[in-house]
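Below, each chain spelled out in residue letters.
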Amino acid sequence: MASANHISKVAIVGAGGNVGRFLTEALLKTGNHDVTALTRADSQSKLPEGVKTKTVDYSKPETLVDALRGQEALVITISGRAPIKDIEEKLVRAAGEAGVTWILPNEWSPDSADDGIVKDVFLFGMKAATRKLIEELGKSSYVAVSCGFWYEYSLAIANNYGFDFANRHLNMYDDGQTKLCTTTWPQVVYINSFNVSQMDMLASAQRVTGTKEGDWKIEKHDSHERFDVSLKFFKEGKFKTEGFTNFLYSR
Ligand SMILES: NC(=O)c1ccc[n+]([C@@H]2O[C@H](COP(=O)([O-])OP(=O)(O)OC[C@H]3O[C@@H](n4cnc5c(N)ncnc54)[C@H](OP(=O)(O)O)[C@@H]3O)[C@@H](O)[C@H]2O)c1
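Numbering of residues begins from 1 in every chain and follows the order in which that chain's sequence is written. Totals for whole chains, interfaces and linings use every residue, but because this is a predicted model, local features are given only for residues with pLDDT of at least 70 and side-chain atom pairs only at 80 or more, for both listing and counting. Values shown for side chains rest on all heavy atoms present in the structure; no hydrogens or waters enter the calculation.

## Here's the deal with the state of the cysteines
(1) Moving on: Disulfide: a pair of cysteine sulfur atoms within 2.5 Å of each other. Tallying each qualifying case throughout the model produces zero disulfides.
(2) Moving on: In this structure C147 is a free cysteine whose sulfur lies 10 Å from that of C181, the closest cysteine sulfur available.
(3) Moving on: Exposure is judged per residue with a 1.4 Å probe applied to protein chains only, and the accessible area is read against the type maximum: over 50% gives exposed, under 20% gives buried, and values in between give partly exposed. For C147, a relative accessible area of 6% gives the class buried.

This is the structure we're talking about:
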């Protein structure tokens, strides 16, 4: 029997929180996920509609193992005001014991794999320690989501991106020109390694092969024209022609 090619059973900590709420709603919206919130008995969090719940007690790790049994992934979004280190360690160990294959640890931050950032903002060291623990236990794998600061969240707090909109006041860092990476909550996830042009690629190829521009036959095309022609192929149902890749890459 063919096995499913996607994770369906997802447990989430913080399903009613700032970050977790968006993740939970997005998972439920796909219709492909069975989402269970691990929540405390005295929780005040309002959970998204459609999410199942399991009550856990962080002072009794066996409740975590029970709640996680049968889950394929554990997503952790714990409040910055909670004793994250202790709670996350318990969750990671419980996930290993319960046989949870994937963990999305409590990352949701600027790049905690960047030694320079971790050295300056030592709080992010905790995130690196969790990844190390998952590796050491060797029972689960992780996907650490490094999203920078959340845009809506950080814009709304005057001390974060510096804007006090009500009073039209801005605390500007230096000349305000330093760019940073930021992520919006309800969004597609973007993964890029670098920005590169065809000329950059050509330069790399020439460097590696020890060739020069004159050694290459460069045929120039108008990208708009190439797109329009390939779109025409598409509309005629000729998907298998080179029109397909031209269509994607000329856009
Ligand atoms: N990149 C950014 O700009 C940014 C911004 C905000 C947060 N973050 C990161 O995202 C993580 C989640 O933040 P958030 O703002 O989404 O958190 P949050 O909304 O304040 O809380 C998330 C959940 O934590 C649980 N919780 C609260 N206090 C607890 C306690 N004492 N013990 C155990 N669990 C407790 C609650 O779950 P239950 O009530 O269901 O038990 C709550 O729903 C943070 O740790 C931070 O690293 C990043």
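## Some thoughts on a nonpolar patch on the surface
(1) Moving on: On the surface, a cluster of nonpolar side chains totalling about 390 Å² of accessible area is made up of F163, F165, L170 and M172.
(2) Moving on: Segments assigned H or I by DSSP are reported as helices when at least four residues long, segments assigned E as strands when at least two residues long, and all are numbered from the N terminus. Mapping F163 onto the fold places it in strand 8 (residues 163-164).
(3) Moving on: Overall, the relative accessible area of 32% leaves F163 in the partly exposed class. To count toward a patch, a residue needs a relative accessible area above 30% and no salt bridge. Like charges then connect within 9 Å, nonpolar side chains (Val, Leu, Ile, Met, Phe, Trp, Tyr) within 5 Å. Computed with a 1.4 Å probe, the accessible areas rest on the Shrake-Rupley method; for each residue, only the protein chains presented here act as cover. A carboxyl oxygen of Asp or Glu within 4 Å of a side-chain nitrogen of Lys or Arg is what we treat as a salt bridge.

## Let's talk about the nonpolar core
In globular proteins that are soluble, nonpolar side chains generally tend to be buried together.
(1) Moving on: Grouping buried Ala, Val, Leu, Ile, Met, Phe, Trp, Tyr and Cys residues that are joined through side-chain atoms within 4.5 Å yields what is termed a nonpolar core. One finds V13, L38, L68, L74, I76 and L91 to be the most contacted residues of the largest nonpolar core, which totals 23 residues.
(2) Moving on: Where this core is concerned, the elements lending two or more residues are strand 1 (9-13), helix 2 (61-68), strand 4 (73-76), helix 3 (84-98) and helix 5 (125-137).
(3) Moving on: In this analysis, two residues are considered to be in contact whenever any of their non-hydrogen atoms come within 4.5 Å of each other. Beyond its immediate sequence surroundings of up to four residues, L38 is in contact with A11, I12, V13, G14, K54, V56, A67, L68 and L91.
(4) Moving on: Judged by nonpolar contacts, the second largest core, of 15 residues, contains A15, V19, L27 and C147.

## Some remarks on the site of the ligand
(1) Moving on: Within the structure, the ligand sits among 26 residues, and T39, S43, S45, I78 and W150 are positioned closest to it.
(2) Moving on: Polar contact is the term for a pair of N or O atoms within 3.5 Å; when the atoms are in protein, one must be able to donate a hydrogen and the other to accept it, and sequence-neighboring residues count only if both atoms are side-chain atoms. W108 has a polar backbone atom sitting 3.0 Å from a nitrogen atom of the ligand.
(3) Moving on: Out of a free accessible area of 910 Å², the ligand has 85% covered by protein chains.
(4) Moving on: If you list the elements that add at least two residues to the shell around the ligand, you get helix 1 (18-30), strand 2 (34-40), helix 3, strand 7 (149-150) and helix 6 (151-155).
(5) Moving on: Each of domain 1 (9-142) and domain 2 (149-249) contributes no fewer than three residues to the shell around the ligand. Distances are taken per atom, and a residue is near a molecule or strand as soon as one of its heavy atoms is within 4 Å of it. Residue ranges for the domains originate in an automatic or database domain assignment.

## What to know about the sheet that holds strand 5 (residues 102-104)
(1) Moving on: Only strands joined by at least two bridges in the DSSP assignment are considered to pair. Read from one edge of the open sheet, six strands run 3-2-1-4-5-6, paired in parallel fashion. Both outer strands of the open sheet, strand 3 (52-56) and strand 6 (141-142), are each paired with one neighbouring strand and no more.
(2) Moving on: Helix 3 contacts strand 1, strand 2, strand 4 and strand 5 of the sheet and is inclined by roughly 175° relative to strand 4. To define axes, lines are fitted to C-alpha atoms, for helices over the stretch in contact only, and angles between the resulting N-to-C directions are given on a 0 to 180 degree scale.

## A word on helix 3
(1) Moving on: To estimate how far a helix should extend, the number of its residues minus one is multiplied by 1.5 Å. With 15 residues, helix 3 extends 20 Å from end C-alpha to end C-alpha; this agrees with the ideal 21 Å at 1.5 Å per step.
(2) Moving on: Looking at helix 3, one finds that the buried residues are I84, I87, E88, L91, V92, A94, A95, G96 and A98.
(3) Moving on: Lining the buried residues of helix 3 we find strand 1, strand 2, helix 2, strand 4, strand 5 and helix 5.
(4) Moving on: Looking one or two residues past helix 3, G99 carries a phi angle of roughly 80°, positive in sign.

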